[in-house]
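# Summary of structural features
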Amino acid sequence: MPTMGKHTKRISCGAWSNTGKLALGGDDKQLTINNSDGDLIDSTPLKFEPSSIQFARMKAEGKSNDNETTISVNMGGKTLLLYDCNETENCPYELAFLPKYGTIVAYRWFGDGYILIGFSTGHVIVISTHLKEIGQEVSYVVPHSEHLSDLTYCPALQKGASIGDNCVQIFNMDEISNIKTRESDKYDLDNEYGALRRVEWTDDGQILTVSSKNGNIHTFLTRIPVMHDSYGTQILYLTSLREMCIRDVVTESDVAKIAVEIEPTFVSLGPEHCAVGMNNCVWYYSIQRPTKSAKIASQRSYLKSVDYVKLSTSYTAVMCEGKVTLHPINQPDQNSESGLDHQQDERKQQKMFPEKEGDVLITTVAMTPKFMLYGTNYGSIVHFSLEDWTVVSEYRSTSIGIRSVFPNPVGTRTVFIDDTNEAYVYSPVNDSTCKVDRFSVDTSRIMWDTSDWGTFIGADSRQFTTYVYAPNTRWGAKCGPVCKHQGKTLTDEIRTTEKPFGFIPILVHNGGVICQMPSGTMPVVQLQTHQNVSLSHRLSGDQVFNAFYLNLSLHKLETAWQFAQQLSSNECWYALGDKALHLLDIQLAIRVYRVVQQPAMVIALDQLLHISERSLLLGHVAMLFKNFNEAQNHFMKSSCPILALEMRRDLMHWNEALELSEKLSPESVPHISREYASQLEFRGEHQQALEMFQKGIVQIDESCSEQNRRSLIQHNEHCQAGIARITIRMGDISRGFQIAMQNDSPTMSIECAQIFEELKQWTEAAQLYERAHNYDLATQIYITQTKNLKAAATLMPHINSHKIQGLYAAAKEREGAYQEANDAYAKAEDWDNVVRLTVEKLNDISSAYEIVRRTKSAEAAALVAKYCRKDGNPETAIEFLLLAKKTDEAFELASSTKNMEAYSTILGTNGTVENYLSIADYYEGRSDFSTAADYYFRCQRYDKALQKYLEAVAALEAGMVRSTDAADVEKKIDRCLNSAITVVGEAKSDKLSTQMIKYLTAEDVDEAPRDPKYLFSLYMALGKYEKGSDQAIIIARTEREMGHYRVAHRLLFQTYKDLEKHGMNVPSELRWNLMLLHSYLIAKPLMKTLNNHNLAARMLIRVAKNIPKFPKHITQILTSCVTECNKAGFDKSAFTYAKQLVTTDRKEIPEKHRKRIDTIVRKPGYYSKNNVENKRMTEADLTDPPEPVGPCPFCSVSVPLTMLDCPRCKNNIPYCISTGQHMLLESWTCCPSCRFPSLYEPFTQLIKEEPCPMCEETIDLKDVKKIANPDPRQWLSNVQSTPSSG
């Protein structure tokens, strides 16, 4: 990384930030801040030479950003500089200290923006960097009497260490406002080791290393016993032999520090207390959370040696050789005046378990906030209520002893392990157990995940196994290990996590096992079942897939939902939906099936949301998984067994449905019989179907309600319809027809009519269709099969079908009823037949015209055209011949009747090449060369088209074409020449291009060449932009010399944009001519709109230097130049051009300016603003004001603003279209329309009143944007080198 050039002297110190910034300090008293690429971000001078630099984060309120943005610098040991990279406005802060402290030797950041500083006199202080208390001393200590060499800080131990006076001093910093030193934490070293130089902790705080100037290194090692306990998310552990710490693993903060007087052999932690003990003595401490300390609550001695202690909020359970002593932690108040309280206290003083003497031994004990529970060697688990002081639950499974119990934090679920190494989850709420499937026999400890109520970890000597407990599933309570997935398939292999050697587990939180090592550190082992399962990780595709299935296995369905959204895989969505149903999470299942667009499942599940009965819910879920027998069993056990019958009916399991209906709902047997009969009919089992239909007929009781009566009548109608259908199919046609006609059901009539159609019984079928109001089918049968038009006529008012209308019209035409047939054809929209009848039979030709023009029917058009030819109407015949697609016939008719113009007009753009060639040949034969050329061009016969256009020009010039006046002739010649140029441009033919160029330049004939504008148009059409630009320059020069400056400017500008559009280089001459014309044209806006006479004068001076190029208005331009120079104080230039005017063209000077110009020449300086004393001046005394300069956009060298060529880098500098000056990087913009560059401020001011000075387009101010960091080279990418503009 290059960092050269940042400092002029030696770099003495530096530091990296956690965001990749590098801060350096040097002997040049400069602080520089660089990024990781070595680019300078910022720098600041320092008062003194820096000796050390550190990055840190200042103390802040309400900010969670951990980025190191503050730089601290030890400036020569005199002051400490704090520089915030993000807030440079109020920075830096320079902190000075009392002279008695001496010089700053070393300092360390720690905590939330605190600094530990050591001074040469042995003082150590702590200061805060909070904005409200910056620089204030929080505390101080004097660990050394003479001098201090170095200090350090250990965040793991919250201790500091310093060296000096040949000793090492450690001081406690858990309370920042009260740093404490103890004599026992002071270590003296012999002088022979040399003066101490540096001191540093290891990361875990177990090793402190000190170095001396003669090369010696001293290492101090601290070892403490591995001893701990946990409650909830808090851990109690030893930090030294006689100090304990309670730490919260979630907030990662210390809850309390506890100094003890013994070296304990066991410890215990409860909600509000902790205990330490050895042998038969236990000391109980009350945790003081506000002060992060503890005080002794009580001390007890027991008759036997204590195995371990368990604590609740107010009670302790002490395990001693198979017996448990339960008593309050705090000693009761002996002076209590309340008798009731005193009796209760006496009753709850102490209790021994088991209560009865015998061979029952307590093998394990545990405490929750409200219960003590213990297991015995006889297989009992007892729950003792601490509030009621009585046994509330006693569970006994077998005579197998209970080895250990592990309740969850609230005591609602308990995992216990018996002597056979089987594990169960016990619920004291309903006294039920659930076996833990595939439980490892080597498991020695169970730990519930404090962040997940249904997950616990089994730990043995080699590994951790994750188990998931679900109390409510389709199959009841279930508990088992998390298994591996092979792709998308769940395997039987258990997903375990290897336990590193020496790691002793304490508790589990959010998939992380907090362990303690022999060194005292507490690392976290992330379970394999919880790796990358959080949404906070950025995961790849396979990792997201794995995270989804892990969350599914852990029953974290909401998190699995989030990963499924990332995967967008239907397979994952269905897996999540199935899991949600297995766990009876109906609401989530609805959300899943909405995503996969399964509306049927969503509707079905939505109906289950409010079902509270378990058997009903399980039945519906089993039905969704197509376990119908299981669903029937659940429904039969529920309060609504009829659902089993409904399910079988819906599934068309008719035999099972009939069996269930006889037991549950005998009244539904007829309905099921009817439904069963319908299925049998569909399968073709007619005899059995007939029997079931007959079985389904119900005798209607007169006493039933009207609603039931209607329902039963409808049911019987369905059965009668079935009987009719089956009777017809079985061959009894007359009986079936009689039954159908006696029934008023339209559906039954249609069904029977369809069967009669299959059997070709047309009359019966038509009558039944008519009875069912299906007039289309009835009419069709009457017309096509029975030929009964009289019956069909009665039904025609009901018919809308075109097909049937057409059938009826054809039948009527055969009868000779032409008007009725015509009306029917019209209703059928059969326009060909309508026109045929209208022309041939009804003789209504005008209606035929209207119909053909509207419908565009080719057949009808041919018929009408034939009629028109016979009637002597060729123009109309041509129209309808073209509509009939008979173009050849139409052309012949147009030629013979001289109606070619009508033919070509009607043909329009819908003709073929052959059609247009025929028209062209026709007009060529009639010497109408221009029109013939148009059609040759349309056929892409470019050579022929060019020839005819040129012949048309020749005919026009020779007077062979009649015309009203000369202007009309010129207009036609111009059209022919431009059309010829377009032909050549489209043809891309070298031969035609050469021919046209010779024609325009009169190369082979003794004639005057054509107007140059035609040659320019030709070159542009051919894509010969360089020649086109040369021609444009010639034309522009002519226009300029004629005084048409705006016309010349527009031509050059358009040519410039055309060249740019096609990626061509802009010739230097064109660019220079455009610049010169533009300089003249913007002079007026500079004077009038921008009121900038200085710039206007400089633009006119630029033009005046090239005045021969403006021969038409030399006097006017020079007069304007002299006037503006005089106004702007350009005395020398005003005199020069006034002298030129008087010398050459004095008589042409306008009268109102002549006197003033004469005075400027005769009395130099007379009007000068610099001649304050009115002294007589000579020409040598006259000067122009110095021109402002600006940096070159390419090399940054200073260049006069109106100079457009850099003398250093030789680049052409882009010029501003608003001022004529060269462009500046800091004020760069461009016209949104023409993209020419301009300085931002003058352009925005100018377009408020005028259009863009270059493209003359009106610009909206909001479309103009300043360009940041423009690249000037892109503005010259299409521009050739340009000579100096002067």
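Residues numbered from 1 in each chain as written. Predicted model: local features only at pLDDT ≥ 70, side-chain atom pairs only at ≥ 80, totals over all residues. Heavy atoms only, no water.

### A few points about the overall build of the protein chain
For clarity, the threshold we go by: Think of it this way: any DSSP run of H or I at least four residues long counts as a helix, any run of E at least two long counts as a strand, and we number them from the N terminus. Taken over C-alpha atoms, the radius of gyration is set against a globule rule of 2.2 Å times the number of residues to the power 0.38. Any two residues having at least one pair of non-hydrogen atoms within 4.5 Å are treated as being in contact. Using a 1.4 Å probe, the Shrake-Rupley method yields the accessible areas, and only the shown protein chains count as cover for residues.
When helices and strands are tallied, the protein chain shows 41 helices and 53 strands. In summary, the protein chain has a C-alpha radius of gyration of 53 Å against a globular reference of 33 Å for 1286 residues, an excess of more than 25%. A principal-axis box enclosing the C-alpha atoms of the protein chain has dimensions of 145 × 135 × 55 Å. A sequence separation of at least 24 residues applies to 43% of the contacts in the protein chain between residues at least 6 apart. A total of about 64300 Å² of accessible surface is found on the protein chain, and carbon and sulfur atoms cover 47% of it.

### Some points on the sheet that holds strand β31 (residues 351-353)
As a reminder, the rule being used: Any two strands are treated as partners once DSSP identifies two or more bridges connecting them. In this description, a line fitted to the C-alpha atoms serves as the axis of each element, helices being fitted only across the stretch in contact, and the angle between N-to-C directions of two axes falls anywhere from 0 to 180 degrees.
Taking strand neighbours across the sheet as the criterion, the 4 strands line up as β28-β29-β30-β31 in an open arrangement whose pairing is antiparallel. Looking at the sheet topology across the chains shown, the edges are occupied by β28 (308-311) and β31. Here the average twist between neighbouring strands, direction ignored, is 20°. For strand β30 (residues 323-328) and β31, the ladder comprises 3 bridges, and the chain directions are antiparallel. Within β31, the residue paired with T325 across the bridge is M352.

### Some words on the confidence of the model for the protein chain
As a reminder, the rule being used: Known as pLDDT, the predictor's per-residue confidence is scaled from 0 to 100.
Summary statistics for the protein chain give a mean pLDDT of 83 and a share of 95% for residues scoring 70 or more. Ignoring residues within four places in sequence, the model shows residues 334-343, a span with pLDDT below 50, making 1 contact including any to other chains. Low confidence marks residues 1278-1286, where pLDDT is under 50. Its contacts with residues over four positions away, or in another chain, come to 30 contacts.

### Notes on the sheet that holds strand β25 (residues 273-278)
Taken in spatial order, the 4 strands line up as β24-β25-β26-β27 in an open sheet, and their pairing is antiparallel. Each edge of the sheet is formed by a strand with only one pairing partner; in this case those strands are β24 (266-269) and β27 (293-301). When the angles between neighbouring strand axes are averaged without regard to direction, this sheet yields 20°. Taken together, the 6 bridges between β25 and strand β26 (residues 281-288) define a ladder with antiparallel strand orientation. Bridging across to β26, G277 finds its partner in V282.

### Focus: the pattern of salt bridges
Rules: Salt bridge, as applied in this entry: a Lys or Arg side-chain nitrogen positioned within 4 Å of an Asp or Glu carboxyl oxygen. Partly exposed residues are those whose accessible area sits between 20% and 50% of the maximum for their type, while under 20% is buried and over 50% is exposed, using a 1.4 Å probe and protein chains only.
Applying the stated criterion across every chain yields a total of 23 salt bridges. Among the ionic pairs, D254 bridges to K257, the shortest N-O distance being 3.9 Å. Residues R1154 and E1151 are paired through a salt bridge, measuring 3.2 Å at the closest nitrogen-oxygen approach. A residue pair is termed a helical-turn pair when its members lie 3 or 4 positions apart in one helix, as R1154 and E1151 do in helix α40 (residues 1151-1162) at 3 residues. For E1151, a relative accessible area of 60% puts it in the exposed group. Ionic contacts of the salt-bridge type, sharing partners, join the residues R247, D254 and K257 into one network.

### Quick word on the side chain of H228
Locating H228 in the fold gives a position in strand β20 (residues 228-231). In this structure, H228 is in contact with L236, Y237, V267, I504, P505, I506 and Q516, ignoring residues within four places of it in sequence.

### Here's the deal with the pairing of strand β15 (residues 167-172)
Most of β15 is tucked away, with 6 of its 6 residues classed as buried. Side chains C167, Q169 and F171 of β15 all project onto a buried face; the interleaved residues V168, I170 and N172 project onto the opposite face, where all are buried too. Here strand β14 (residues 159-164) pairs with β15 via 6 bridges, running antiparallel. By the bridge assignment, I163 is partnered in β15 with V168. If you look at the hairpin formed by β14 and β15, you'll find 2 residues sitting between the two strands, and D165 has a positive phi there, around 55°.

### Points about the packing of aromatic side chains
Our working definition: Only the six-membered ring of Trp is used, alongside the rings of Phe and Tyr, when aromatic pairs are assigned; centres must lie within 6.5 Å, and planes under 30 degrees apart are stacked while those over 60 apart are edge-to-face, with the rest tilted.
Following the criterion strictly, the structure yields 25 aromatic pairs and no others. Ring centres 5.4 Å apart and planes at 70° place the aromatic pair F97 and F119 in the edge-to-face group. Within this pair, whereas F97 is found in the loop between β8 (93-96) and β9 (104-110), its partner F119 is found in strand β10 (residues 114-119), the two being separated by 22 residues in sequence. Side by side, F97 and F119 carry an identical accessibility label, which is buried. Each ring, one from Y1080 and one from F1110, has its centre 6.0 Å from the other, and the planes form 45°; the classification is tilted. Linking Y1080 in helix α35 (residues 1068-1081) with F1110 in the loop between α37 (1093-1104) and α38 (1114-1128), this pair joins segments that are 30 residues apart in sequence. Residue classification places F1110 among the buried residues on the basis of a relative accessible area of 0%. Clustering of aromatic rings is evident, with ring pairs tying together Y315, F353, Y374, F384 and W389.

### Focus on the environment of D188
Here D188 shows up in strand β16 (residues 180-188). Overall, the relative accessible area of 60% leaves D188 in the exposed class. C-alpha separation for the pair D188 and D165, spaced 23 residues apart in sequence, amounts to 8.5 Å. With sequence-adjacent residues up to four places away left out, D188 is seen in contact with N166 and C167.

### Considering the nonpolar core
Spelled out, the test is: Definition used in this section: a nonpolar core is a set of buried Ala, Val, Leu, Ile, Met, Phe, Trp, Tyr and Cys residues joined via side-chain atoms within 4.5 Å.
By size, the foremost hydrophobic cluster in this structure holds 99 residues, and its most contacted members are F880, Y903, M996 and L1018. If sequence neighbours within four positions are ignored, F880 has contacts with Y849, V852, R853, A861, A862, V864, A865 and C868.

### Some thoughts on helix α39 (residues 1131-1145)
Put simply, the rule is: In a helix, the anticipated span is given by 1.5 Å times the number of residues less one.
Here α39 contains 15 residues, and its C-alpha end-to-end distance of 20 Å stays within 8% of the 21 Å for a straight helix at 1.5 Å per residue. Summarising the contacts, the buried residues of α39 are in contact with α37, α38 and α40.

### Some words on the packing of helix α25 (residues 887-897) against helix α27 (residues 913-925)
Worth spelling out the cut-off: Should an angle lie under 35 degrees it is considered roughly parallel, over 145 roughly antiparallel, and from 65 to 115 roughly perpendicular; all remaining angles are considered oblique. When residues are sorted by character, Ala, Val, Leu, Ile, Met, Phe, Trp, Tyr, Cys and Pro go into the nonpolar class, Asp, Glu, Lys and Arg into the charged class, and all the rest, Gly among them, into the polar class.
In the contact formed by α25 and α27, the axes pass within 11 Å of each other and the chain directions differ by 10°. Regarding the angle of α25 to α27, the classification is roughly parallel. Residues T887, D888, F891 and S895 of α25 form the contact with α27, whose participating residues are N915, S918, I919 and Y922. Among the residues forming the contact of α25 with α27, the class breakdown is 3 nonpolar, 4 polar and 1 charged.

### Side note on unusual backbone geometry
With the exception of glycine, the majority of residues adopt a negative phi angle, and the majority of peptide bonds are in the trans configuration. Across the junction of F353 and P354, the peptide omega takes the value -5°, indicating a cis bond. Its location among the elements puts P354 in the loop between β31 and β32 (362-367). Even without being glycine, L584 reaches a positive phi, approximately 60°. Mapped onto the fold, L584 is located in the loop between α4 (570-582) and α5 (586-595). A residue is classified by how much of its surface remains accessible, and L584, at 16% relative accessible area, is buried.

### Some remarks on the side chain of T466
As a reminder, the rule being used: Whenever two N or O atoms come within 3.5 Å, that pair is a polar contact, provided that in protein one can donate a hydrogen and the other can accept it, and provided that, for residues adjacent in sequence, both atoms are side-chain atoms.
Residue position: T466 is located in strand β42 (residues 463-470). Of the polar contacts made by the side chain of T466, one reaches the side chain of T529; its length is 2.8 Å. Residues in contact with T466, not counting those within four places in the same chain, are T455, F456, I457, G480, P481, V482, L527, T529, H530 and L554.

### Structural notes on the packing of helix α23 (residues 858-870) against helix α24 (residues 874-883)
Defined as follows: By convention, the crossing between two helices is left-handed when the near helix turns anticlockwise from the far helix through less than a right angle, and right-handed when the turn is clockwise.
Where α23 contacts α24, the two axes come as close as 8 Å, and the packing angle between them is 160°. Considering their axes alone, α23 and α24 lie roughly antiparallel with respect to each other. Here α23 and α24 pass one another in a crossing that is left-handed. Between α23, through A858, A861, A862, V864, A865, C868 and R869, and α24, the contact on the second element is made entirely by T876, A877, F880, L881 and L883.

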